[in-house]
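Results of the structural survey
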Amino acid sequence: MNIMDFNVKKLAADAGTFLSRAVQFTEEKLGQAEKTELDAHLENLLSKAECTKIWTEKIMKQTEVLLQPNPNARIEEFVYEKLDRKAPSRINNPELLGQYMIDAGTEFGPGTAYGNALIKCGETQKRIGTADRELIQTSALNFLTPLRNFIEGDYKTIAKERKLLQNKRLDLDAAKTRLKKAKAAETRSSIWAEEVTKSEQELRITQSEFDRQAEITRLLLEGISSTHAHHLRCLNDFVEAQMTYYAQCYQYMLDLQKQLGSFPSSYLSNNNQTSGTPMPPSLANAVGSSAVASTSSLVITSPSSLSDLKESSGSRKARVLYDYDAANSTELSLLADEVITVFSVVGMDSDWLMGERGNQKGKVPITYLELLN
């Protein structure tokens, strides 16, 4: 019964305090009550904290969009994070494109111009996909997580203490209002003297609580400068992760361009004749620059020299342009830059020659070769 009486009294006291704050807040809005203003330093700290919170949220959300443009995937990752479970691994767009290219190139034939180019492009796209995955993981750990920790941790504490400060200020101003009214009534009747004394005591208590809460809030807000310094280090980590990612992508594409540009002229010429489509200027320039870089001892195979070799019974030395894995026992695996002997066999497909390396012999695709003088 005593516990029940205590709970009822506490509930009534809380309700009274809430009502008093509501009245004070309403009268302030209507201009009917005075409001205790915070000191300029504390106001500046509050403004800085609010500004930090707003821009941190915007930067964080847009970084998430940059790293994961798919909104459904972002929602799924958010749900798994809240459930404290690991999101299922999914193939990203560059990896998916790379796999399609590799499958298509395999279907068309790795020994054909288009098939081999597709495989090379596909492998590069998959490398870019792996780099993209590493960028997301690094950025999430070193940049997004600290920003999210501030929003969901430090700033929530600041907001809680700020709300408490607001309540203490309302209590203080309500006490000031009651004291003012009690003093005005005391001038008309001496029975209000006790009420004035009580109001003065209440004012001292609320003033002390307000000052204490203002100090607590100020100390928390002064930590925003440290937050900025920490976020600056995180930003540097994010920039470094991006630099690594773009450098990797550039190197991958540069290597791919060199591989595509190393096709012999007969490779491209035959391909153009078959398709009837002119070669794009950018690809022509890439091929031209590659041909110029060749040493004087090497001669890019021309259609006529290949035809001559196919029609003759002699053999020639040839340099391998890039690696080739034999598809079966009738073919010969090749390593880039090695020199082998090639010759024609009657009845063999026009895209192939017979290659010989020591005691090893097998078919090799002519598009992987440069004939030597």
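Description of the structure in this document. Computed from a predicted structure; not experimentally measured.

**Considering the overall build of the protein chain**
The helix and strand tally for the protein chain stands at 10 helices and five strands. Within the protein chain, the fraction of its 373 residues that count as buried is 34%. Nonlocal contacts in the protein chain, meaning residues at least 24 apart in sequence, comprise 69% of its contacts between residues at least 6 apart. Taken as a whole, the protein chain presents about 23000 Å² of accessible surface, with 57% of it coming from carbon and sulfur.

**Section: the environment of R127**
Within the secondary structure layout, R127 lies in helix α5 (residues 113–186). R127 sits in the partly exposed class, given a relative accessible area of 40%. Separated by 125 residues in sequence, R127 and Y252 place their C-alpha atoms 7.5 Å apart.

**Section: helix α4 (residues 93–108)**
Because an α-helix completes one turn every 3.6 residues, residues spaced three or four positions apart along the sequence face the same direction. With 16 residues, α4 should reach 22 Å at 1.5 Å per residue; the first-to-last C-alpha distance of 22 Å fits that figure. Those residues of α4 that sit buried are P94, E95, G98, I102 and G105. On an axial view of α4, the arc spanned by its buried residues comes to 95°, and they lie on one face. Of the exposed residues in α4, the ones pointing more than 90 degrees away from its buried face are N93, Y100 and E107. You can read the cap of α4 off the contacts: a side-chain oxygen lies 3.0 Å from the backbone nitrogen of E95, and it is on N92. Phi turns positive, to about 110°, at G109, one or two residues after α4.

**Re the pairing of strand β3 (residues 352–357)**
Note: strand β2 (residues 339–343) against β3, three bridges, orientation antiparallel. For V342, the partnering residue across the bridge sits in β3 and is G355. As defined by bridge partners, β3 adjoins strand β4 (residues 360–365) across six bridges and the pair is classed as antiparallel. Across the sheet, residue W352 finds its bridge partner in β4, namely P365. What sits between β3 and β4 in their antiparallel hairpin is a turn of two residues, with G358 showing a positive phi close to 60°.

**A short note on the pattern of salt bridges**
Using the criterion set out here, one finds 13 salt bridges in the structure. Ionic pairing is found between R319 and D337, a salt bridge with its closest N-O pair at 2.7 Å. Residue R319 is located in strand β1 (residues 315–320), and its partner D337 is located in the loop between β1 and β2; the two are separated by 18 residues in the primary sequence. Taking relative accessible area as the criterion, D337 reaches 53% and is therefore assigned exposed. Each member of the salt-bridge network shares a partner with another, and the members are E215, R218 and E222.

**Some thoughts on the packing of aromatic side chains**
Under the definition given, this model contains seven aromatic pairs. Their ring planes at 70° and their centres at 5.0 Å tell us that Y324 and Y368 sit as a pair that is edge-to-face. Placement of Y324 in the loop between β1 and β2 and of Y368 in the loop between β4 and β5 (369–371) is noted, with a sequence separation of 44 residues between them. Taken together, the ring pairs connect Y322, Y324, W352 and Y368 into an aromatic cluster. Its guanidinium or amino end placed over the ring of W55, K58 lies 4.6 Å from that ring's centre, counting from NZ or CZ. Sitting over the face of the ring of W352, K363 holds its NZ or CZ atom 5.2 Å from the ring centroid.

**Section: the packing of helix α2 (residues 40–67) against helix α7 (residues 224–261)**
Two numbers describe how α2 lies on α7: the axes approach to 12 Å, and their chain directions differ by 15°. Taken together, the axes of α2 and α7 are roughly parallel relative to one another. As for how α2 packs across α7, the hand of that crossing is left-handed. The residues of α7 that touch α2, namely those facing K48, A49, T52, T56, T63 and L66, are I224, S225, H228, H231, F238 and Q242. Partitioned by chemical class, the residues of the contact of α2 with α7 number four nonpolar, seven polar and one charged.

**A look at the nonpolar core**
Counting residues in hydrophobic clusters, the biggest one holds 20 residues, and the most contacted among them are L38, L42, L165 and L221. At the level of elements, α2, α5 and α6 (193–221) are the ones that each hand at least two residues to this core. Take this core: its biggest share by element is nine residues, from α5. Beyond its immediate chain neighbours, meaning those up to four positions away, L165 contacts L38, L42, F210, Q213, A214 and T217. The next biggest cluster of nonpolar side chains, apart from the first, holds 19 residues, and it includes V320, M348, W352 and V364.

**A short note on the environment of Q213**
Position of Q213 relative to the elements: it lies in helix α6. Between the alpha carbons of Q213 and N167 there is a distance of 9.9 Å; along the sequence they are 46 residues apart. Setting aside residues up to four positions removed in sequence, Q213 forms contacts with E161, L164, L165 and K168.

**Some points on the sheet that holds β3**
Here we have five strands laid out as an open sheet, ordered β4-β3-β2-β1-β5, and antiparallel in their pairing. Lying at the two open borders of the sheet, with one neighbouring strand each, are β4 and β5. If you compare each strand with its neighbour and ignore which way they point, the axes differ by 45° on average.

Thresholds applied
- Every chain is numbered on its own, with residues counted from 1 as its sequence reads.
- Per-residue local features are limited, in this predicted model, to residues with pLDDT of at least 70; the limit for side-chain atom pairs, both in listing and counting, is 80 or more; totals at the level of whole chains, interfaces and linings are taken over all residues.
- Side-chain metrics rest on all non-hydrogen atoms present in the structure, leaving aside hydrogens and water.
- Secondary structure counts use DSSP, requiring at least four H or I residues in a row for a helix and at least two E residues in a row for a strand, with both numbered from the N terminus.
- Per-residue accessibility, obtained with a 1.4 Å probe over protein chains only, is compared with the maximum for each type, and a residue is labelled buried under 20%, exposed over 50%, and partly exposed between these values.
- We call two residues contacting when some pair of their heavy atoms lies within 4.5 Å.
- Residue burial considers only the protein chains on display, and all accessible areas are found by Shrake-Rupley using a 1.4 Å probe.
- The span expected for a helix works out to 1.5 Å for each residue beyond the first.
- Each C-beta atom gives one direction from the helix axis, and the arc is the one those directions make.
- Counted as a polar contact is a pair of N or O atoms within 3.5 Å, where, for protein atoms, one must be capable of donating a hydrogen and the other of accepting one, and residues adjacent in sequence contribute only when both atoms are in side chains.
- In this description, strands pair whenever DSSP reports at least two bridges between them.
- Take a side-chain nitrogen of Lys or Arg and a carboxyl oxygen of Asp or Glu: if they are within 4 Å of each other, that pair is a salt bridge.
- Note on aromatic pairs: the rings of Phe, Tyr and Trp (six-membered ring only in Trp) are paired at centre separations within 6.5 Å, and the planes decide the class, stacked below 30 degrees, edge-to-face beyond 60, tilted for the rest.
- Over a ring means this: the NZ of a Lys or the CZ of an Arg is within 6 Å of the ring centre and within 35 degrees of the ring normal.
- An axis is simply a line fitted to the C-alpha atoms; with a helix, the fit covers only the stretch in contact. Between two such axes, the angle follows the N-to-C directions and lies from 0 to 180 degrees.
- The labels follow the angle: roughly parallel below 35 degrees, roughly antiparallel above 145, roughly perpendicular from 65 to 115, and oblique for the rest.
- Note: crossing handedness is left-handed where the near helix turns anticlockwise from the far helix by less than a right angle, and right-handed where it turns clockwise.
- Residues are sorted three ways: Asp, Glu, Lys and Arg are charged, Ala, Val, Leu, Ile, Met, Phe, Trp, Tyr, Cys and Pro are nonpolar, and all the rest, Gly among them, are polar.
- The nonpolar core is taken to be a set of buried Ala, Val, Leu, Ile, Met, Phe, Trp, Tyr and Cys residues, with the residues joined through side-chain atoms within 4.5 Å.

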